[in-house]
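Chain residues, written in single-letter form:
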Amino acid sequence: MASNEDIELLKDGERLDGRSFDELRDINIEAGILKRADGSAYIEWGKNKVMAAVYGPREMHPRHAQETTKAVVRARYNMAAFSVPDRKRPGPDRRSIEISKLVSEALEKVVFTEKYPRSVIDVFIEVLQASAGTRCAGLTVASVALADAGIPMSDMVAGCASGKIEDQVVLDLGKNEDNYGQADVPIGYIPRTEELCLLQMDGNLTIEEYEKAMELSIDACEEIYELQRGALKEKYSTDLDEDEIEELKEGVE
Ligand code: UDP
């Protein structure tokens, strides 16, 4: 977060892209778009375009990385070389290794890993176009891809960030707001249990500002969760009635 006082982020008290302080960028999610993957999903979130592909559960190689009592959720976040204005050097860097680790840990909270000892569930997150908030978009779309792969989960994770620009707490920072704002707080949220499974903070907020940012992000995550479910419903619409669905769920649990 390269704070720069000379860069204008609000004009007459309004955000430059016309959004209100509690408004998300447009989000569209599609489930199941890659034939070869066990599960996949694609998200467009503002100008971000992110694809997720899931493979597994399958036997973990190398063997020494196996966990005897559970599966390992192994997310790999990658930015395409053409995803940003300055060509991104291909391959992992410190930032992508960090994001991969925290997305893996967030997803592991919802996957019933104990069902698949010694296995790995690979989650590839490919950022095709980046415009701030890609870790949240990646986490959100990866959850849909895991569900599309039929991986048993307690819930999906929705991700979103809030932050501070020109002393105002706002939802879902855009590119300049992220790069030149005062703070950025991405979260991963599990709607069913109301738990956080990812929390980072770049910059500084007062306790009141932090609480406001969390309120904005959690409300937005509830909204994003509906979009995630909508994408899955669109792919898996069914003629079963609710009792039949409950019976099937019991069989899985
Ligand atoms: N970015 C970039 N080059 C990089 C890394 C990031 O241009 O090597 C841009 C990209 O648009 C990204 C934004 O900076 O979305 C913010 O990056 P940050 O590290 O805050 O992660 P994000 O907000 O994408 O989760």
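I will try to describe carefully the structure that is included in this document. Quick caveat, the model's predicted, so the values are computed rather than measured.

Rules and cut-offs
Residues numbered from 1 in each chain as written. Predicted model: local features only at pLDDT ≥ 70, side-chain atom pairs only at ≥ 80, totals over all residues. Heavy atoms only, no water. Pairing = 2+ DSSP bridges. Helix = DSSP H or I, 4+ residues; strand = E, 2+ residues; numbered from the N terminus. Buried < 20%, exposed > 50% of the residue type's maximum accessible area, 1.4 Å probe, protein only. Polar contact = N/O pair within 3.5 Å; in protein donor to acceptor, adjacent residues only side chain to side chain. Axes fitted to C-alpha atoms, helices over the stretch in contact; angles between N-to-C directions. Parallel < 35°, antiparallel > 145°, perpendicular 65-115°, else oblique. Left-handed = near helix turned anticlockwise from the far one by under 90°. Contact = heavy atoms within 4.5 Å. Nonpolar A, V, L, I, M, F, W, Y, C, P; charged D, E, K, R; others polar. Salt bridge = Lys/Arg side-chain N within 4 Å of Asp/Glu carboxyl O.

**A look at the pairing of strand β5 (residues 48-59)**
- As defined by bridge partners, strand β4 (residues 39-45) adjoins β5 across 7 bridges and the pair is classed as antiparallel. Among the inter-strand pairings, Y42 is bridged to a residue of β5, identified as M51.
- Hairpin connection of β4 to β5: 2 residues between the antiparallel strands, including G46 at a positive phi of 60°.
- Inspection of the sheet shows β5 paired to strand β7 (residues 119-129) by 9 bridges, in the antiparallel sense. Within β7, the residue paired with V50 across the bridge is V127.

**Focus on the pairing of strand β6 (residues 72-79)**
- Within β6, 6 of the 8 residues are buried, which leaves it mostly tucked inside the rest of the structure.
- Here β6 runs beside β7; their pairing, made up of 8 bridges, is parallel. By the bridge assignment for β7, M79 is matched with V127.

**What to know about the side chain of Q200**
- For Q200, the position within the fold is in the loop between β11 (195-199) and β12 (202-203).
- For Q200, a relative accessible area of 19% corresponds to the buried category.
- Among the polar contacts made by the side chain of Q200, one reaches the side chain of E98 at a distance of 2.9 Å.
- A distance of 2.7 Å separates the side chain of Q200 from the side chain of R135, its partner in a polar contact.

**With respect to the packing of helix α1 (residues 94-108) against helix α2 (residues 134-148)**
- Contact geometry for α1 and α2: axes closest at 11 Å, N-to-C directions at 40°. Taken together, the axis directions place α1 and α2 in an arrangement best described as oblique. α2 is crossed by α1, and the crossing has right-handed handedness. Here R95, E98, I99, V103, A106 and L107 of α1 come into contact with α2, specifically with T134, R135, L139, A142, S143 and L146.
- Residues that form the contact of α1 with α2 fall into these classes: 7 nonpolar, 2 polar and 3 charged.

**Details of the pattern of salt bridges**
- Under the defined criterion, the tally for this structure stands at 18 salt bridges.
- With its nearest N and O atoms 2.6 Å apart, the salt bridge here joins E105 to K101. Highlighted residues: E105 and K101, both in helix α1, separated by 4 residues, approximately one helical turn.
- E105 sits in the partly exposed class, given a relative accessible area of 43%.
- Looking at K101, the relative accessible area reads 52%, which means it is exposed.
- One salt-bridge network, in which partners are shared between bridges, spans R15, D17, R19, R25, D172 and E177.

**Focus on the sheet that holds β6**
- Strands sit in the order β3-β4-β5-β7-β6 across an open sheet of 5 strands; the sheet is mixed. Of all strands in the sheet, those with a lone pairing partner are β3 (27-31) and β6, marking the two edges. Within this sheet the neighbouring strands show an average axis-to-axis angle of 15°, counted without direction.
- Across 5 bridges, β3 lies against β4 in antiparallel orientation. Pairing of I27 across the sheet is with W45, part of β4.
- Sitting on the sheet, helix α4 (residues 207-235) touches β3 and β4, and the angle it makes with β3 is about 35°.

All we've got here are geometric facts, nothing functional implied.
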